[in-house]
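Given next are the chains, with one letter for each unit.
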Amino acid sequence: MPAQDDSALCCCEYINKEGERSHLLGAFCDCEAIDEAFDRLFTLKSLEKRNVEKITETVYDRLRIPWRGGAKKVPLDVAGALVCVLLTIFLGCFTWTVTIITYVVFLPAMLFSIHRFIRKKVATDNTSTYGIRRLKDGKKYSRSRFYFAWLTASISFLLIIYYTQVIPYLKISPYENFAFVTFTCISCTSFYLVCATSCPGFETPNKARDEEYEEVIESGAWRLCAECTKQVPRLASHCWTCDTCYLLRDHHCLWLDTCVSCVNDRWFVTGLSFGLCALCYGVHLSLTTVCHPRLIDLYLTTLLIPSHCPDAFINLQSSLSISAACYGILLAIFVAVALIQQLVCVMSGVKLREYRRRQLPYHFSVKNGFRNCFNFWWRQ
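Residues numbered from 1 in each chain as written. Predicted model: local features only at pLDDT ≥ 70, side-chain atom pairs only at ≥ 80, totals over all residues. Heavy atoms only, no water.

**Some points on the overall build of the chain**
Helices and strands together make up the secondary structure of the chain, namely 11 helices and 14 strands. Within the span of the chain, comprising 380 residues, buried residues form 37% of the whole. Look at the contacts in the chain between residues 6 or more apart in sequence, and 53% of them connect residues 24 or more apart. Summed over its atoms, the accessible surface of the chain is roughly 23100 Å², and 63% of this surface lies on carbon and sulfur atoms. (Helix = DSSP H or I, 4+ residues; strand = E, 2+ residues; numbered from the N terminus. Buried < 20%, exposed > 50% of the residue type's maximum accessible area, 1.4 Å probe, protein only. Contact = heavy atoms within 4.5 Å. Areas by Shrake-Rupley, 256 points an atom, 1.4 Å probe, with all protein chains shown as cover.)

**Structural notes on the side chain of asparagine 16**
By secondary structure assignment, the location of asparagine 16 is in the loop between β1 (13-15) and β2 (21-23). A distance of 2.9 Å separates the side chain of asparagine 16 from the side chain of serine 22, its partner in a polar contact. (Polar contact = N/O pair within 3.5 Å; in protein donor to acceptor, adjacent residues only side chain to side chain.)

**Topic: the packing of aromatic side chains**
Per the counting criterion, the structure on display carries 14 aromatic pairs. Linked through ring pairs, Tyr103, Phe146, Tyr147, Trp150, Trp255 and Tyr327 together constitute an aromatic cluster. (Phe/Tyr/Trp six-rings, centres within 6.5 Å; stacked < 30°, edge-to-face > 60°.)

**Side note on the state of the cysteines**
By the definition in use, this model includes one disulfide. The side chain of cysteine 291 participates in a disulfide bridge whose partner is cysteine 309; the two sulfur atoms lie 1.6 Å from each other. Residues cysteine 291 and cysteine 309 are joined by a disulfide whose S-S torsion is about 95°; by sign, that bridge is right-handed. One end of the pair, cysteine 291, is in the loop between α8 (265-290) and β13 (292-298); the other, cysteine 309, is in the loop between β14 (301-308) and α9 (316-348), with 18 residues separating them in the sequence. Using a relative accessible area of 3% as the deciding quantity, one classes cysteine 291 as buried. Its sulfur unpaired, cysteine 12 is 3.8 Å from the next cysteine sulfur, which belongs to cysteine 11. (Disulfide = S-S within 2.5 Å.)

**With respect to helix α11 (residues 366-378)**
Within an α-helix, residues lying three or four positions from one another point in the same direction, as the helix has 3.6 residues per turn. Helix length check: α11, at 13 residues, gives a terminal C-alpha distance of 18 Å against a target of 18 Å (1.5 Å per residue), a fit within 8%. Within α11, the full set of buried residues consists of Gly369, Cys373 and Phe376. Each buried residue of α11 lies within a common arc of 65° when the element is viewed along its axis, so the set occupies one face. Facing away from the buried side of α11, by more than 90 degrees, are the exposed residues Lys367, Phe370 and Trp378. In the core, the buried residues of α11 are packed alongside α8 and α9. (Expected span 1.5 Å × (residues − 1). Arc of directions from axis to C-beta.)

**With respect to the pattern of salt bridges**
Any two side chains of opposite charge can pair, given that their charged atoms come close. In total, this model carries three salt bridges according to the counting rule given. We note a salt bridge from aspartate 61 to arginine 64, for which the minimum N-O separation is 3.4 Å. Among the residues examined, aspartate 61 registers a relative accessible area of 5% and is labelled buried. Residue class for arginine 64 comes out buried when judged on its relative accessible area of 14%. (Salt bridge = Lys/Arg side-chain N within 4 Å of Asp/Glu carboxyl O.)

**Brief notes about the pairing of strand β10 (residues 244-247)**
Where strand β9 (residues 236-239) lies against β10, four bridges are found, and the strand directions are antiparallel. Bridge pairing in β10 links cysteine 239 to threonine 244. In sequence, β9 turns back onto β10 through a hairpin of four residues, with aspartate 243 there showing a positive phi of about 60°. (Pairing = 2+ DSSP bridges.)

**Some points on the side chain of aspartate 265**
Within the fold, aspartate 265 resides in helix α8. Accessibility expressed as a relative area gives 4% for aspartate 265, which makes it buried. Look past the residues within four positions of aspartate 265 in its chain and what remains in contact with it is Val260, Lys351, Phe376 and Arg379.

**Looking at the confidence of the model for the chain**
Residue-level pLDDT values for the chain average 82, and 86% of them are 70 or greater. Considering only residues more than four positions removed or in separate chains, one finds that residues 122-141, a stretch of pLDDT under 50, has 42 contacts. (pLDDT = per-residue confidence, 0-100.)

**Considerations on the nonpolar core**
In this structure, Leu107, Trp150, Phe268 and Tyr327 are the most contacted members of the largest nonpolar core, which totals 47 residues. Of all the elements in the fold, those that place two or more residues in this core are α3 (76-91), α4 (96-120), α5 (146-166), α6 (174-196), α8, α9 and α11. A per-element tally of this core places α9 first, with 12 residues. In this structure, tyrosine 327 is in contact with Val85, Thr88, Ile89, Tyr103, Leu107, Trp150, Ser154 and Leu158, ignoring residues within four places of it in sequence. (Core = buried A, V, L, I, M, F, W, Y, C linked by side-chain atoms within 4.5 Å.)

**Some points on unusual backbone geometry**
Even without being a glycine, leucine 170 presents a positive backbone phi close to 60°. Mapped onto the elements, leucine 170 comes out in the loop between α5 and α6. For leucine 170, a relative accessible area of 74% translates into the label exposed. We note that aspartate 257 has phi near 55°; this positive angle belongs to a residue other than glycine. Tracing the sequence through the fold places aspartate 257 in the loop between β11 (251-253) and β12 (258-260).

**Brief notes about the pairing of β13**
Both β13 and β14 contribute to a ladder of seven bridges, which runs antiparallel. Note that in β14 the partner of histidine 292 across the bridge is histidine 308. Here β13 folds back onto β14, and the loop between the two strands holds two residues, one of which, leucine 300, carries a positive phi near 65°.

Okay, structure coming up:
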């Protein structure tokens, strides 16, 4: 029996699922599951579920990046989000026709297909790949990090392209860049606070600590949650994704992978508002830099807008700038829809989960709308 190698791992080495020492360069070697899959495909046989599961486990085990002390695993959903963003931006760098097809047809269809797959994906015992989400029927479904990784990768790549491809044109003034950076920083900070401050927002009464425990329960202000079997306030609702109750819960945001409730809903609306400003202003700066702009007269001011782009795809710099601008337009549409939903809910005095169930007040007036907005922003 050979002696076990106890030496420290280099940045490209790791211990595989069989407990053996492996190297990143051997990631495509000695894979019986993939060989068997190709054999079945060449012989026109359908793949077995067992074989697909083995391939998934093998890919997850070998999908790693160099790291100090040994190569680290990259989750499949995170890697998929990075590939999705890079592929979309790359496909949008050819011609206007390909760009329009990419951002109008390809990207929405791909996101919809991935979303359907994630919703139907049953979590396996390997919870490091997929988180567990408990449902009413007792089944365990996957909770993916794809959405948050896709949003983070999109923002990161757009900023990288903006500062490496658009700024070198030297057509954007420091004041314009400062305004764009301000919008971006406020939006990212607000979304960070949404995730950082996400909590149930209440403290469950303790029978040993609270002398008025029985009176609190009997008063109807607290109730027993049928899902998590805990005492929660009457206005709290259970989130099946987080598997916990939140006070005045608005909805579960897939893109931030957190619940929006009474403790962070104002940060969420602030992040959407400044995020929409950052996206629109960044797209405007990119298009007026790459394209030939012209001035139009507005009331008390003038506005610079892109007129025509004869040199849009003449080189890689302009192609990446145009593709990123189109990507920003698509993101701005998503953010605008989410912001409009939030504003309608705020003015109507309802939560987004109630709005989706069409639980809106029958009598709505402008006066009630302003009062609901005041109560939303200045409540204690």
